[in-house]
Amino acid sequence: MADNDRKRAPLKTRRPPVGASPGTLIADPAARRSELRLTLISPEKFKTIDNASIDELNAHCEKWPVVWLDCTGLANIQLIEEIGRIFNLHPLALEDVVNTGQRPKVDFFEDHAFVAMRMIDVTAHRYEQIAVFFGRNFVVTFQEREGDPFDPVRKRIAAAMPNRLRSRGADYLAYALIDAIVDSYFPPIEAASEVVDGIEDQMLNTPHKHQMRQLHELRRDANVLKGVLWPMRDALATLIRNDVPFVTAETKIFFNDTLDHSLRLIELVENQRDMLTGLIEMHLSLTQARTNDVISYLTIVSVIFMPLTFLVGVWGMNFEPESSPWNMPELKTYYGYPAALLFMLVVAVGLVAFFKWKKWL
């Protein structure tokens, strides 16, 4: 949002073909190559395996208290199906993973939960879907491409003891990841607020046409954010309300804090939308007022020149003074021309003084 000269990619939802069986997985032709990153977590230690394979996943997933599998890229449908088989993920949820652009939501199944979220990719100026599955001892995340807000979580996992992320269960790790996604909205929204404040200051000095375009682009971004944040709030509320065995009461307290963050984001976006609407109206008013000022000045100039034009027109008539003493005898006056200019000057100055007295100028 901070960069108004570049447009964010619109939110688009891919759907399976009409009549396809529920749970059918069809890869997007533009999807990125799938890569796995496996993080194995215990209270005493952790281990990260980049470019992990299914064999490595099978070899380690039963030996560690918490397993976090991060799949980047959704092109390999066979790999995604195999991950679903290993962790017993519901096929309808996997279908939502592949068909990106889902509305933020939470679905509960027998032994795991599925959370679909939207993430802002500030660098690429687009929104991406992140899917999070978690159960008693595992967390699985699916991303459309590289780049996520999870680096702080990875650093906390690698930090020295005592380490809350390593000592708690998979539900707390899922909370940390979801909280990182929600908090990643604060920097671009706050940056957009600074841009709005700057435009307001510029408008109060001198309104320009390009400011209106910036305001409309910012309001469009705010509308898109509103469409993302409200469902996200509902999803987090659903996550807190439901009682499932793999989410502890203590972790729900932390999820409630994330819900508060989402409410704060909604307030910021709503305030920003209201301010943008007000600025657009103010820009229109300032532009109209400026146009009225120009018209007023032009009208005053025209009124000043109207009597002067009349006098010039009268004195410019081609009557012969010698034919009759009534035919413009002032034309023979020795100081006639300077007197005429002086008279017209007096008329113009008098009109200007009258307009100032009436506070029209």
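Residues numbered from 1 in each chain as written. Predicted model: local features only at pLDDT ≥ 70, side-chain atom pairs only at ≥ 80, totals over all residues. Heavy atoms only, no water.

Draft legend 1. Region of interest: the side chain of Glu-270. Among the structural elements, Glu-270 can be located in helix α9 (residues 249-315). In terms of polar contacts, Glu-270 uses its side chain to reach the side chain of Trp-230, at 3.4 Å. In this structure Glu-270 touches Lys-226 and Trp-230, once residues within four positions along its chain are discounted. (Helix = DSSP H or I, 4+ residues; strand = E, 2+ residues; numbered from the N terminus. Polar contact = N/O pair within 3.5 Å; in protein donor to acceptor, adjacent residues only side chain to side chain. Contact = heavy atoms within 4.5 Å.)

Draft legend 2. Structural context of a negative patch on the surface. On the surface, a cluster of negative charge is made up of Glu-190, Glu-194, Asp-197 and Asp-201. Looking at where Glu-194 falls in the secondary structure, it is placed in helix α7 (residues 186-205). (Patch = residues over 30% accessible without salt bridge, like charges linked within 9 Å, V, L, I, M, F, W, Y side chains within 5 Å. Areas by Shrake-Rupley, 256 points an atom, 1.4 Å probe, with all protein chains shown as cover. Salt bridge = Lys/Arg side-chain N within 4 Å of Asp/Glu carboxyl O. Lys, Arg positive; Asp, Glu negative; His and termini not counted. Charge placed at Lys NZ, Arg CZ, Asp CG, Glu CD.)

Draft legend 3. View of the packing of aromatic side chains. The tally for this structure, following the rule as stated, stands at eleven aromatic pairs. For the pair Trp-68 and Phe-150, a centre-to-centre distance of 6.0 Å together with 75 degrees between the ring planes defines the contact as edge-to-face. Of this pair, Trp-68 sits in strand β3 (residues 66-72) while Phe-150 sits in the loop between β7 (138-143) and α4 (151-158), and the two are 82 residues apart along the sequence. According to the relative accessible area criterion, Phe-150 is buried, its value standing at 0%. Ring centres 5.8 Å apart and planes at 85 degrees place the aromatic pair Tyr-175 and Phe-255 in the edge-to-face group. With Tyr-175 in helix α6 (residues 170-183) and Phe-255 in helix α9, this pair connects stretches of sequence that are 80 residues apart. (Phe/Tyr/Trp six-rings, centres within 6.5 Å; stacked < 30°, edge-to-face > 60°. Buried < 20%, exposed > 50% of the residue type's maximum accessible area, 1.4 Å probe, protein only.)

Draft legend 4. Summary view of the packing of helix α8 (residues 209-241) against α9. Put simply, α8 and α9 touch, their axes get as near as 8 Å, and they point 155 degrees apart. Taken together, the axes of α8 and α9 are roughly antiparallel relative to one another. The crossing of α8 and α9 is left-handed. Across the contact of α8 with α9, the residue classes break down as 21 nonpolar, nine polar and eight charged. (Axes fitted to C-alpha atoms, helices over the stretch in contact; angles between N-to-C directions. Parallel < 35°, antiparallel > 145°, perpendicular 65-115°, else oblique. Left-handed = near helix turned anticlockwise from the far one by under 90°. Nonpolar A, V, L, I, M, F, W, Y, C, P; charged D, E, K, R; others polar.)

Draft legend 5. Structural context of a nonpolar patch on the surface. Where nonpolar side chains cluster on the molecular surface, the patch consists of Leu-342, Leu-345, Val-346 and Val-349 and spans about 380 Å² of accessible area. With respect to the element layout, Val-346 can be found in helix α10 (residues 336-357).

Draft legend 6. Main features of the pairing of strand β2 (residues 46-50). Relative to β2, strand β1 (residues 35-41) is paired through five bridges, and the arrangement is antiparallel. Following the sheet pairing, Thr-39 is matched in β2 by Thr-48. (Pairing = 2+ DSSP bridges.)

Draft legend 7. The arrangement of unusual backbone geometry in detail. Here the phi dihedral of Asn-51 falls at roughly 50 degrees; this positive angle occurs in a residue that is not glycine. Following the sequence through the fold, Asn-51 ends up in the loop between β2 and α1 (54-60). Asn-51 gets classed as exposed once you look at its relative accessible area, which sits at 57%. With a phi close to 60 degrees, Asn-88 is a non-glycine residue in the positive phi region. When you line up the elements, Asn-88 lands in the loop between α2 (77-87) and α3 (91-98).

Draft legend 8. Spatial organisation of the environment of Ala-348. Looking at the secondary structure, you find Ala-348 in helix α10. Sequence-wise, Ala-348 and Asp-201 are 147 residues apart; in three dimensions their C-alpha atoms are separated by 39 Å. When sequence neighbours within four positions are dropped, the list of residues in contact with Ala-348 reads Ile-304 and Leu-308.

Draft legend 9. Structural view of the confidence of the model for the chain. Summarising the model, the chain shows a mean pLDDT of 85, and 92% of its residues fall at 70 or more. Overall, residues 1-7 carries pLDDT values under 50, and its contacts beyond four positions in sequence, including any with other chains, amount to 25 contacts. (pLDDT = per-residue confidence, 0-100.)

Draft legend 10. Here's a closer look at the environment of Leu-225. Mapped onto the secondary structure, Leu-225 falls in helix α8. Placed 107 residues apart in sequence, Leu-225 and Arg-118 show a C-alpha to C-alpha distance of 9.8 Å.

Draft legend 11. Highlighting the packing of α7 against α9. Here α7 crosses α9 at 20 degrees, and the two axes come no closer than 11 Å. By the criterion of interaxial angle, the relationship of α7 to α9 is roughly parallel. Of the two possible hands of crossing, α7 and α9 adopt the one that is left-handed. On α9, the residues that touch Phe-186, Ile-189, Ala-192, Ser-193, Val-196, Asp-197, Glu-200, Met-203 and Leu-204 of α7 are His-261, Arg-264, Leu-265, Leu-268, Val-269, Gln-272, Met-275, Leu-276, Leu-279, Met-282, His-283 and Leu-286. Per-class residue counts for the contact of α7 with α9 are 14 nonpolar, four polar and three charged.

Draft legend 12. Up close: the sheet that holds β7. Taking strand neighbours across the sheet as the criterion, the seven strands line up as β2-β1-β3-β7-β6-β5-β4 in an open arrangement whose pairing is mixed. A strand with exactly one partner marks an edge of an open sheet, and here the two such strands are β2 and β4 (105-108). Across the sheet, the axes of successive neighbouring strands diverge by a mean angle of 15 degrees, strand direction being ignored. For strand β5 (residues 113-121) and strand β6 (residues 126-134), the ladder comprises nine bridges, and the chain directions are antiparallel.

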